[in-house]
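A structural walkthrough
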Amino acid sequence: MTLNCRICKTIVRPFMSFGKMPIANGFLNPDDFPMEYFYELKPIFCENCLTFQIAEQPDPEKMFHENYAFFSRTSKHMVNHFRSYANWVKSEYLSSSDPFVVEIGSNDGAMMENFSKNKIRHLGIEPSANVAKEASKYGVNTLCSFFNLATAKNIVSKDGQADAIIAANVMCHIPGLHDVAKGIDYLLKPMGVVIFEEPYLGDMIENTAYDQIYDEHVYMFSVRSIHNIFKKYGFELIDVKHQTTHGGSMRYVLARNGKRTVSKNVEKQIAYEDDKKLHLSGTYDKFREQCEISRKNLVDTLQQQKRDGKRVVGYAATSKSTTVLNYCGIGPDLIEFISDTTPIKQGKYSPGVHIPVFSYDNLKNNYPDGLLLFAWNHKEEIMAKESSFLKNGGEWITYVPHVALIRK
Ligand code: TYD
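Below you will find a few notes about this structure. (Residues numbered from 1 in each chain as written. Predicted model: local features only at pLDDT ≥ 70, side-chain atom pairs only at ≥ 80, totals over all residues. Heavy atoms only, no water.)

**A few points about the overall build of the protein chain**
- Looking only at helices and strands, the protein chain features 14 helices and 20 strands.
- In terms of C-alpha radius of gyration, the protein chain reaches 21 Å, essentially the compact-globule figure of 22 Å for 408 residues.
- Seen along its three principal axes, the alpha-carbon backbone of the protein chain occupies a region of about 65 × 45 × 40 Å.
- A buried classification covers 57% of the 408 residues belonging to the protein chain.
- For the protein chain, the proportion of contacts with a sequence separation of at least 24, taken over those separated by at least 6, is 69%.
- For the protein chain, the computed accessible surface area is about 16900 Å², with 50% contributed by carbon and sulfur atoms.
- Averaging the positions of the 48 positive and the 47 negative side-chain charges in the protein chain gives two centres separated by 3 Å. (Helix = DSSP H or I, 4+ residues; strand = E, 2+ residues; numbered from the N terminus. Rg over C-alpha atoms; globule rule 2.2 N^0.38 Å. Buried < 20%, exposed > 50% of the residue type's maximum accessible area, 1.4 Å probe, protein only. Contact = heavy atoms within 4.5 Å. Areas by Shrake-Rupley, 256 points an atom, 1.4 Å probe, with all protein chains shown as cover. Lys, Arg positive; Asp, Glu negative; His and termini not counted. Charge placed at Lys NZ, Arg CZ, Asp CG, Glu CD.)

Next up, the structure:
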């Protein structure tokens with residue numbers, strides 16, 4: 001079967017497969033094991049428009065629904081990050097007298113509350129009803145819907161066009177980006193800006209962070225790919241800013257062609273990408289080899305811990321961990337349980353490999369010998385919180401940028 005790029009329809013070849021994969025956030029009860037849904041997780045790279053993507057993605061309704069398990073507020077660091085992101089948008093781009101800001105994928109309102117608190121007209125668009133409901137507790141206006149041209153028309157008819165359309169860790173989740181771009185074009189004022197930040201392809205390749213690839217992340221963007229996707233709709237990149245969040249992200253700022261000054265940052269980042277050969281398919285063959293090495297080292301390390309009679313527990317049942325656990329074939333024989341602070345995940349089993357997920361109390365009250373850090377992107381926040389674990393002789397196991405043990 002030929003595979004085509006979702007963006008430009010060029011024929012592409014998969015350069016690797018992570019094998020059979022369940023829904024990354026599909027935490028489940030034993031009754032659901034026999035019906036668990038699997039698809040093949042196969043990344044592809046389009047040599048024409050330079051967009052890194054996955055070949056097959058489950059229906060969005062299977063991932064974003066009234067039981068969606070990801071809440072933005074679970075990380076204090078991210079809540080702070082969204083506050084400074086929102087303040088930056090306000091100071092840089094909201095100069096009109098009564099600005100209107102729309103966020104695509106507003107989740108539990110962690111970003112939008114910073115506009116609602118400041119009495120700025122705002123609207124969050126969020127398809128998962130349970131997280132959208134949480135946002136209303138923070139005074140955030142939310143429309144429970146996927147974002148597309150029809151949604152944009154609906155918003156404009158009620159609230160008019162937007163000064164800024166913003167998003168964080170959302171665009172990479174949306175397979176139908178052409179419809180999103182059409183919606184943005186309809187919703188945005190002539191001088192408006194589109195700002196979003198997403199995990200960055202450059203960091204993923206640099207750190208062999210292959211766990212950024214899972215069902216929800218249908219794309220991993222670079223500056224070149226964003227340029228290629230949006231130019232068709234009359235938009236140009238006017239700025240880019242690298243972020244440390246989510247293990248390395250890029251903030252993209254777009255405006256209608258010729259309307260705003262283009263920062264030198266855009267050119268500089270493109271030069272970086274060319275230097276790292278992100279536009280060449282050979283880079284992705286090397287990435288596959290690095291993934292295989294990482295898998296072997298992680299499995300060897302965990303098997304050694306088991307032979308040494310050590311207890312190992314997973315730290316945070318992240319979406320990313322679903323790719324690692326299933327690709328490496330790591331199950332309850334090697335990991336006793338995964339500790340996670342999200343109530344909806346607790347008492348359930350991890351997707352595919354069925355490791356039990358317990359509340360943080362289970363970990364805090366009975367530290368194991370080893371903690372496998374699945375939320376490596378929140379390393380600083382977690383290490384600070386768990387300093388007593390290392391002090392008492394515990395050992396962290398990490399796998400990004402490479403498999404390593406951290407001892408006191
Ligand atoms: P994140 O890396 O944002 O997850 P994802 O890969 O799904 O994007 O981490 C969020 C998850 O990590 C969430 O399930 C809560 C959990 N978590 C903890 O259990 N303890 C913590 O201290 C932190 C920061 C996160």
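**Topic: the nonpolar core**
- Formed by 109 residues in total, the largest nonpolar core has its most connected members in Ile-104, Met-171, Ile-184, Tyr-252 and Leu-298.
- With 6 residues, the top contributor of residues to this core is helix H10 (residues 281-307).
- Each of domain 1 (1-55 + 309-408) and domain 2 (72-279) contributes no fewer than three residues to this core.
- Residues Val-101, Val-140, Ile-195 and Val-253 belong to the second largest nonpolar core, which totals 24 residues. (Core = buried A, V, L, I, M, F, W, Y, C linked by side-chain atoms within 4.5 Å. Domains from an automatic or database assignment.)

**A short note on the site of the ligand**
- By nearness alone, 19 residues border the ligand, and Ser-319, Lys-320, Asp-340, Lys-345 and Lys-385 come closest of all.
- Ser-319 places a side-chain nitrogen or oxygen 2.4 Å from an oxygen atom of the ligand.
- For the ligand, an oxygen atom lies 3.1 Å from a polar atom in the backbone of Thr-341.
- Look at the ligand: alone it shows 560 Å² of surface, and the protein chains cover 97% of it.
- Contributing elements (two or more residues each) for the shell around the ligand: helix H11 (319-328) and helix H13 (379-385). (Near = heavy atom within 4 Å. Polar contact = N/O pair within 3.5 Å; in protein donor to acceptor, adjacent residues only side chain to side chain.)

**Re the packing of H10 against H11**
- Interhelical geometry of H10 versus H11 gives an angle of 80° and a closest axis separation of 10 Å. Viewed along their axes, H10 and H11 adopt a mutual orientation that is roughly perpendicular. Between H10, through Cys-291, Glu-292, Arg-295, Leu-298 and Val-299, and H11, the contact on the second element is made entirely by Val-324, Tyr-327 and Cys-328.
- Broken down by class, the residue content of the contact of H10 with H11 amounts to 6 nonpolar, no polar and 2 charged. (Axes fitted to C-alpha atoms, helices over the stretch in contact; angles between N-to-C directions. Parallel < 35°, antiparallel > 145°, perpendicular 65-115°, else oblique. Nonpolar A, V, L, I, M, F, W, Y, C, P; charged D, E, K, R; others polar.)

**Focus: the environment of Leu-201**
- Note that Leu-201 resides in helix H7 (residues 201-206).
- Under the relative-accessibility criterion, Leu-201 is labelled buried at 0%.
- Note: C-alpha distance between Leu-201 and Met-111 (90 residues apart in sequence) is 23 Å.
- The contact partners of Leu-201, leaving out residues within four places of it in the chain, are Phe-52, Met-220, Phe-221, Ser-222, Leu-278 and Tyr-284.

**Notes on the pattern of salt bridges**
- Across all of its chains, the model carries 19 salt bridges by this definition.
- A salt bridge links Arg-73 to Glu-113; the shortest N-O distance between them is 2.8 Å. Placement of Arg-73 in the loop between helix H1 (60-63) and helix H2 (76-93) and of Glu-113 in helix H3 (residues 113-116) is noted, with a sequence separation of 40 residues between them.
- Of the residues examined, Arg-73 reaches a relative accessible area of 18% and is grouped as buried.
- The exposure class of Glu-113 is buried, given its relative accessible area of 10%.
- A salt bridge links Lys-296 to Asp-300, with the nearest nitrogen and oxygen atoms 2.6 Å apart. Of this pair, Lys-296 and Asp-300 both sit in helix H10, 4 residues apart, which is roughly one turn of that helix. (Salt bridge = Lys/Arg side-chain N within 4 Å of Asp/Glu carboxyl O.)

**Details of the packing of aromatic side chains**
- In this structure the tally under the stated criterion is 18 aromatic pairs.
- Each ring, one from Phe-230 and one from Phe-235, has its centre 6.4 Å from the other, and the planes form 85°; the classification is edge-to-face.
- Each ring, one from Phe-389 and one from Trp-396, has its centre 5.5 Å from the other, and the planes form 75°; the classification is edge-to-face. Comparing Phe-389 with Trp-396, the two get one shared label, buried. (Phe/Tyr/Trp six-rings, centres within 6.5 Å; stacked < 30°, edge-to-face > 60°.)

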